[in-house]
Amino acid sequence: MPEIAMAEQPGVGLDGRPRPSEDVVIALPEAVILLDGATSTRPDLPSGGAYATELATQLAGRLTAAPELDLAALLAGAIRSVARGNGFTPGESPASTVAVVRWDESQVEALVLADSPVVAFTPDPDLVADDRLRTVPRGSYRDRLRGGGGFSESHVAAVRASARKTSALRNQEGGYWVAEAVPGAAYHAIRKSWPIDTVKSILMASDGVSCGIDDYKLFTWEKVLEIAKNEGPDAVLDAVRAAEESDPDGTRWPRPKAHDDQALVLITF
């Protein structure tokens, strides 16, 4: 039975105020689910956190009831159920990333949809990441922050304008894929599997943690594993948060919010 250690920490909303985390982690006997609900810029829709919670619950139920089924099929069913139950339609729905790691006596599988990566150490790091969201236009808010504009009301307006452009490319070829109201998005997830006897550890992260590697260049995934094993996953979250606190106006590392929600899972086999 693998050992599972996890840490979570809420960030702030677009207005800079504290609010509950929209990341969701569920550990099952033979799987771990990590979802990162997208921060909503539309008051007429439920929050990304509420969507992620419902989707994670649906997915956990399916993994428990039918562990032999394909991960993408299970995710597609969960997306369909949440959309039907709430009347969500494509483009008129909250959204969430999805990362799932599942194992049995012979193999370990990973599924990643949008920017919540999984890293398997086998013994070298094997990154499972979905970079398609990084290829779509993000708007001008990053240039504005680099110029010293700060996390002001004008920044919020710029992020919302960026979100409208990005949403137009959601769940379509040439854009990016994410859990929302299109069940078929599940089949565009990034997948990988390994013989279980080759896997030593696995890390799962929301982008509030992976930004420390991808954007801030604070450490490598190998270093994250070392810190998580020796000091606990919370120490990784604290290092990322400390870096953001050293850049309070987002001039060095332009980002939508001063602090994003953080979730990190360490699975040791």
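Residues numbered from 1 in each chain as written. Predicted model: local features only at pLDDT ≥ 70, side-chain atom pairs only at ≥ 80, totals over all residues. Heavy atoms only, no water.

So, about the layout of surface pockets. Estimated volume of the second largest pocket: approximately 200 Å³. Contributing to the lining of the second largest pocket are Leu28, Pro29, Glu30, Ala31, Leu63, Thr64, Pro67, Glu68, Arg102, Trp103, Asp104 and Glu109. Secondary structure elements with two or more residues in the lining of the second largest pocket: helix H1 (48-65) and strand E4 (96-103). (1 Å grid on protein atoms, 1.4 Å probe; cavity = no way out; pocket = protein on both sides within 12 Å on 5 of 7 lines; lining within 4 Å. Points joined across faces, edges and corners; volume = space filled by probe spheres on them. Helix = DSSP H or I, 4+ residues; strand = E, 2+ residues; numbered from the N terminus.)

Take the nonpolar core next. Core analysis: the largest hydrophobic core is formed by 33 residues, its most contacted members being Ile33, Leu35, Leu55, Leu59, Leu63, Leu75 and Val98. Elements that contribute at least two residues to this core include exactly strand E2 (23-28), strand E3 (31-37), H1, helix H2 (71-86), E4 and strand E5 (107-113). If one sorts the elements of this core by residue count, H2 sits on top with nine residues. Here Leu75 is in contact with Leu59, Val98, Leu111, Leu113 and Ala186, once residues within four sequence places are set aside. (Core = buried A, V, L, I, M, F, W, Y, C linked by side-chain atoms within 4.5 Å. Buried < 20%, exposed > 50% of the residue type's maximum accessible area, 1.4 Å probe, protein only. Contact = heavy atoms within 4.5 Å.)

Given a rise of 1.5 Å per residue, 16 residues ought to cover 22 Å, and the 23 Å separating the end C-alpha atoms of H2 matches this to within 8%. Turning to H2, its buried residues number three or more, namely Leu71, Ala72, Leu74, Leu75, Ala76, Gly77, Ala78, Ile79, Val82 and Ala83. Here the buried face of H2 lies against H1, E4, E5 and strand E8 (190-195). The distance from a side-chain oxygen at the start of H2 to the backbone nitrogen of Ala72 is 3.0 Å, and the residue carrying that oxygen is Asp70. Looking one or two residues beyond H2, the residue adopting positive phi is Gly87, at roughly 70°. (Expected span 1.5 Å × (residues − 1). Polar contact = N/O pair within 3.5 Å; in protein donor to acceptor, adjacent residues only side chain to side chain.)

Here we take up the pattern of salt bridges. Counted according to the given criterion, the structure contains 17 salt bridges. The salt bridge partner of Arg134 is Asp215, with a shortest N-O separation of 3.2 Å. Taken as a pair, Arg134 in the loop between strand E7 (125-128) and helix H3 (141-146) and Asp215 in the loop between helix H5 (207-214) and helix H6 (221-231) lie far apart in primary sequence, 81 residues in all. With relative accessibility at 46%, the residue Arg134 sits in the partly exposed group. Owing to a relative accessible area of 36%, Asp215 belongs among the partly exposed residues under this scheme. One connected set of salt bridges, linked through shared partners, spans Asp70, Arg102, Glu109 and Arg191. (Salt bridge = Lys/Arg side-chain N within 4 Å of Asp/Glu carboxyl O.)

Now for the side chain of Asp261. Note on placement: Asp261 falls in the loop between helix H7 (233-245) and strand E10 (262-268). At a separation of 2.7 Å, a polar atom in the side chain of Asp261 contacts the main-chain amide nitrogen of Gly11. Within the structure, the side chain of Asp261 is placed 2.7 Å from the side chain of Arg19, a separation counted as a polar contact. Discounting chain neighbours no more than four positions away, the residues touching Asp261 are Gln9, Pro10, Gly11, Arg19, Ser21, Glu22, Asp23, Ser206 and Gly208.

Turning our attention to the sheet that holds E8. Pairing in this open sheet of five strands is antiparallel, and the strands run E2-E3-E4-E5-E8 from one edge to the other. Strands with a single pairing partner mark the edges of an open sheet, and in this sheet they are E2 and E8. The sheet shows a mean angle of 10° between the axes of neighbouring strands, direction not considered. (Pairing = 2+ DSSP bridges. Axes fitted to C-alpha atoms, helices over the stretch in contact; angles between N-to-C directions.)

Before going further, it helps to spend a moment on the environment of Ala56. Tracing the chain through its elements places Ala56 in helix H1. Here Ala56 falls in the buried class, since its relative accessible area comes to 0%. For the pair Ala56 and Ala83, spaced 27 residues apart in sequence, the C-alpha to C-alpha distance is 13 Å. Excluding its chain neighbours within four sequence positions, the residues that come into contact with Ala56 are Val24, Ile26, Ile33 and Leu35.

Each pair of packed helices can be summarised by the angle the axes make with each other and by the distance between the axes. As a packed pair, H5 and H7 sit with axes 9 Å apart at the nearest point and diverge in direction by 70°. Between H5 and H7, the angle is such that the two are roughly perpendicular. Within the contact between the two elements, H5 uses Gly208, Val209, Cys211 and Gly212 and H7 uses Val236, Leu237, Val240 and Glu244. Its residues placed into classes, the contact of H5 with H7 shows five nonpolar, two polar and one charged. (Parallel < 35°, antiparallel > 145°, perpendicular 65-115°, else oblique. Nonpolar A, V, L, I, M, F, W, Y, C, P; charged D, E, K, R; others polar.)

Sheets are built from strands that pair by backbone hydrogen bonding, the pairs being arranged parallel or antiparallel. Pairing within the open sheet is antiparallel, and its five strands lie in the order E1-E10-E9-E6-E7. Single-partner strands in this sheet number two, and they are strand E1 (3-9) and E7. In this sheet, adjacent strand axes meet at a mean angle of 15° when their direction is disregarded. Contacts from H6 reach strand E6 (118-121), E7, strand E9 (201-205) and E10 within the one sheet, and its direction differs from that of E9 by about 100°.

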